[in-house]
Structures are given as C-alpha cells and as structure tokens.
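Spelled out, the chains give:
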Amino acid sequence: MGDQDLPGVLVSHLEGPYGICEDHAEDLKRHFNLITMQDFLENKAQLGPKIQAVYIWGGRPAVSQELLHSLPSLKIVASAGAGLDHLDLGLVASFGVKVANTPHAVSSPTADLGMALLLAAARRVVEGHQLAVSPHTENFPTDYMGQQVTGATLGIIGMGNIGYKIAQRARAFEMKIVYHNRKCRKLEEEEAVGAIYCERLDDLLQQSDFVMLAVSLTPQTQGLIGKRELRLMKPTAILINIGRGLLVDQDALVEALQTGLIKAAALDVTYPEPLPRDHPLLGLKNVTLTPHIGSATHQARRQIMENLVESILASLSGLPVPNEVQLK
Ligand SMILES: O=CC(=O)O
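Residues numbered from 1 in each chain as written. Predicted model: local features only at pLDDT ≥ 70, side-chain atom pairs only at ≥ 80, totals over all residues. Heavy atoms only, no water.

As annotated in an unreviewed UniProt entry, the chain carries the name Glyoxylate reductase/hydroxypyruvate reductase and comes from Moschus moschiferus. What the UniProt record of the chain gives under Sequence similarities (unreviewed entry) is the line "Belongs to the D-isomer specific 2-hydroxyacid dehydrogenase family." (UniProt positions renumbered as here; feature names shortened; annotations may be inferred.)

So this is what it looks like as structure tokens:
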C-alpha cells in the first residue's frame, strides 16, 4: 500500500518543540499518511476528506469548530498525555468524533517528577548546585537548611492515576499521606498506601508540610489554590504543581512566596508556558521550575505514541477504542 492509501492523520508539524518526536515519525508512517497542518491548510479541499484522525502532541494542533467542519471523515482525536483541557470535549462529541488520551503512559513518569520536585524544593537542590559551582563555595554551609521529608505530611490533591503513584512513592519516604479528591473517596487506594481522606480541602491545606497538585484542569478546578488557600497553608509548607498552571492563582502565589506566607514552590506547569522572561517567579530563590516535562522520558513518550496508534487503529476498524474518553 502506498503512503497515499494509508489513513490520513493530521499532525501539527513533524519537527520542532510541538512536532512529534523525531524517532516516532518512522513508526507512525508505517500505519498512517501523516499530513502536517501546513500541508492541510495549503490544500484543504483535497486533504480534508482524507483525514480520519487528529494526532495531538504537546497540545497541538488545536481542534476548533472550523477544523472539525473541514474534516468530514474524522473518526478520532488522539491526544498525548492525561490532560484534556486543550480540547472542547462537547464540541468534538457534537461532530460524532471520539477522543482518546494516554493516562496510563504518563502516570509513573509524572509521579516521579512530582517527587523529584518535592525533594528538590525541600532540600534546595538547585540552590545547592549553584552554591557548589560558585567560585566562593564552602563545604558544609551552616546557614543552608532545608525541610525534612521523612515523617512530613504530604497532602495530595487529586487521587487519580498520578496522585496514587505519588502516594506510593511518598510511602517509601515514610511520609504521612493525606488526600483530597473532588469526585469521590478512594477507599482501595487509601488502604493500599495508608492515606487519610480529607473531605475538606481546607483541612488538607492546614495539615500538610507539602501540598501536591495532581488534579486535572476543569472549570471547577481553575484557581483551586488562591489567596485564601495559601493563607491556610503552613508558613513552612511547600507547594508542588504537576497538574496545570491555572490550578493556582499565580499572582497570589508570587505574593505568598515573596512575603513568606509559604516556604517555597516547585512548579512543572505555569501560565503561560513558558513564562515571560521578566516574570517575578523567575527571580525568586524559593521557586524551582521545570518546563512541563512530567512525561518527558524516552520510554513514556514512546508508550504514549504506541497507545495513540492503538486507539486510532481501533477506531478506524470500528473496534472498542483503548483509553477512549467518555464524552458527555
Ligand atoms: O501535561 C501532561 C499531561 O497532560 O499528561
């Protein structure tokens, strides 16, 4: 079968930060005729009807009403990662199109990064590195203290796949685990990791030495941590966000970090991404930042790609779609 006979799959572009991983393109091309957004825009009339799937990598391409109208053969939107906040699910559903994501492929690496950020912020690893490589370093600096992780209370907001994996890891660090979950209490997970449920988010915030945001961004969770919530946290507490930047009121966070309302923050996600180079978060010593790299391991990214291929192929054959997102 020539490339042209394979099912058409729309990707944003093949290279660059939002392009698909270089070493994935060859695998994808064995199954699909990959059509870049640029090619599609230059030749909508001919390519539109050939496209049966949109492959979203790094949040792109955006799936607008206009795009959906120009893809009459579209069966599925296959989106890398767990978060779906870049998609209007109701809109996609109204076109009779399925959506699949890859929640299992990202949960372990994202939980690993959550713990890496927790440890880095607690023990001031980035500052320590800067001190160690500076010309005037001293060994064993006596004014350089961090927060103890062993025995500390970790508050996990969101006990989904990622939250649970964080709890498993935190247990190995002998942390006390409390959690809050918006939808329901998770009894099995509680028992497996010895976590204590906080029905009220406020209780979790008041008790925790570390607060980990592992919740997806929805209209209900946007701004979940604002001025009021930051005031409830301990002055020694550290906030870690591996969910989405918009879960936190960032201006309130900057103020809390500047005034010592909380001790520190470690953020894999911000808004916007990346932050403008003059953003106050970039100048604070008590902030550890990473550029949205929760799933950035070779293994996870490959698994994500393979999961997306499986979902697309299943949908094109009319089979049950692995990781299909239930659209209301
Ligand atoms: O941000 C990453 C994801 O949604 O998995």
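Draft legend 1. Quick look at the side chain of Thr110. Checked against the element boundaries, Thr110 lands in helix α6 (residues 103-122). Of note is the side chain of Thr110, whose polar atom sits 2.7 Å from the backbone oxygen of Val106. Apart from the residues within four sequence positions on either side, Thr110 is in contact with Ile162, Ile242, Gly294 and Ser295. (Helix = DSSP H or I, 4+ residues; strand = E, 2+ residues; numbered from the N terminus. Polar contact = N/O pair within 3.5 Å; in protein donor to acceptor, adjacent residues only side chain to side chain. Contact = heavy atoms within 4.5 Å.)

Draft legend 2. Layout of the site of the ligand. Near the ligand the following residues occur: Gly81, Ala82, Gly83, Val106, Arg244 and His292. At 2.7 Å from an oxygen atom of the ligand is found a main-chain nitrogen or oxygen belonging to Ala82. One of the side-chain nitrogen or oxygen atoms of His292 is found 2.6 Å away from an oxygen atom of the ligand. The fraction of the free accessible surface of the ligand (190 Å²) that becomes covered by protein chains is 79%. A breakdown of the residues in the shell around the ligand according to their chemical character gives two nonpolar, three polar and one charged. (Near = heavy atom within 4 Å. Areas by Shrake-Rupley, 256 points an atom, 1.4 Å probe, with all protein chains shown as cover. Nonpolar A, V, L, I, M, F, W, Y, C, P; charged D, E, K, R; others polar.)

Draft legend 3. Highlighting the pattern of salt bridges. Evaluation of the coordinates by the stated rule reveals 15 salt bridges. Across the pair Glu26 and Lys29 runs a salt bridge, and its minimum N-O distance is 3.9 Å. Placement of both Glu26 and Lys29 in helix α1 (residues 22-31) is noted, with a separation of three residues, approximately one turn of the helix. Residue Lys29 is classed as partly exposed on the basis of its relative accessible area of 34%. Each of the salt bridges in this network shares a partner with another, and the network as a whole consists of Asp23, Asp27, Arg30, Arg302 and Glu306. (Salt bridge = Lys/Arg side-chain N within 4 Å of Asp/Glu carboxyl O. Buried < 20%, exposed > 50% of the residue type's maximum accessible area, 1.4 Å probe, protein only.)

Draft legend 4. Representation of α1. Listed as buried for α1 are His24, Ala25 and Leu28. Viewed along the axis of α1, the buried residues span an arc of 110 degrees, placing them on a single side of the element. Projecting away from the buried face of α1 at angles above 90 degrees are the exposed residues Glu26 and Arg30. Of the surrounding secondary structure, the elements contacted by the buried residues of α1 are β2 (33-36), β3 (51-56) and α13 (298-316). (Arc of directions from axis to C-beta.)

Draft legend 5. Molecular detail of the UniProt feature "domain: D-isomer specific 2-hydroxyacid dehydrogenase NAD-binding" (unreviewed entry) in the chain. UniProt marks residues 115-294 with the feature "domain: D-isomer specific 2-hydroxyacid dehydrogenase NAD-binding" (unreviewed entry), using the numbering shown here. In residues 115-294, helix accounts for 33% and strand for 15%; the two terminal C-alpha atoms are 11 Å from one another.

Draft legend 6. Region of the structure containing the packing of α6 against helix α8 (residues 161-172). Two elements in contact, α6 and α8, have axes separated by 8 Å at closest approach and are oriented at 45 degrees. Compared by their axis directions, α6 and α8 come out oblique. For the pair α6 and α8, the sense of crossing is right-handed. Residues Pro103, His104, Ser107, Ser108, Thr110, Ala111, Asp112 and Met115 of α6 touch α8, and the partners they reach there are Asn161, Ile162, Lys165, Ile166, Arg169 and Ala170. Residues belonging to the contact of α6 with α8 are distributed by class as follows: six nonpolar, five polar and three charged. (Axes fitted to C-alpha atoms, helices over the stretch in contact; angles between N-to-C directions. Parallel < 35°, antiparallel > 145°, perpendicular 65-115°, else oblique. Left-handed = near helix turned anticlockwise from the far one by under 90°.)

Draft legend 7. Broad picture of empty space enclosed by the protein. Inspection of every chain in the model, using the stated rule, returns one cavity of 30 Å³ or more. Along its surface, the largest cavity is lined by Asn241, Gly245, Val248, Gln250, Leu253, Leu267 and Val269. Among the residues making up the lining of the largest cavity, the classes are represented as four nonpolar, three polar and no charged. (1 Å grid on protein atoms, 1.4 Å probe; cavity = no way out; pocket = protein on both sides within 12 Å on 5 of 7 lines; lining within 4 Å. Points joined across faces, edges and corners; volume = space filled by probe spheres on them.)

Draft legend 8. Spotlight on the packing of aromatic side chains. Summed over all chains, the structure comprises two aromatic pairs. Seen in terms of ring centroids, Tyr55 and Trp57 are 6.0 Å apart; in terms of plane orientation they differ by 10 degrees. Their pairing is stacked. The two residues Tyr55 and Trp57 agree in class, both being buried. Considering the side-chain rings of Tyr179 and Tyr197, the 5.3 Å spacing of their centres and the 50 degrees angle between planes classify their relative orientation as tilted. Linking Tyr179 in strand β7 (residues 176-180) with Tyr197 in strand β8 (residues 196-197), this pair joins segments that are 18 residues apart in sequence. Taking the relative accessible area as the measure of exposure, Tyr179 reaches 0% and is therefore buried. A residue is classified by how much of its surface remains accessible, and Tyr197, at 23% relative accessible area, is partly exposed. Between Arg124 and the ring centre of Tyr144, over which it is positioned, the NZ or CZ distance is 4.4 Å. (Phe/Tyr/Trp six-rings, centres within 6.5 Å; stacked < 30°, edge-to-face > 60°. Lys NZ or Arg CZ within 6 Å of the ring centre and 35° of its normal.)

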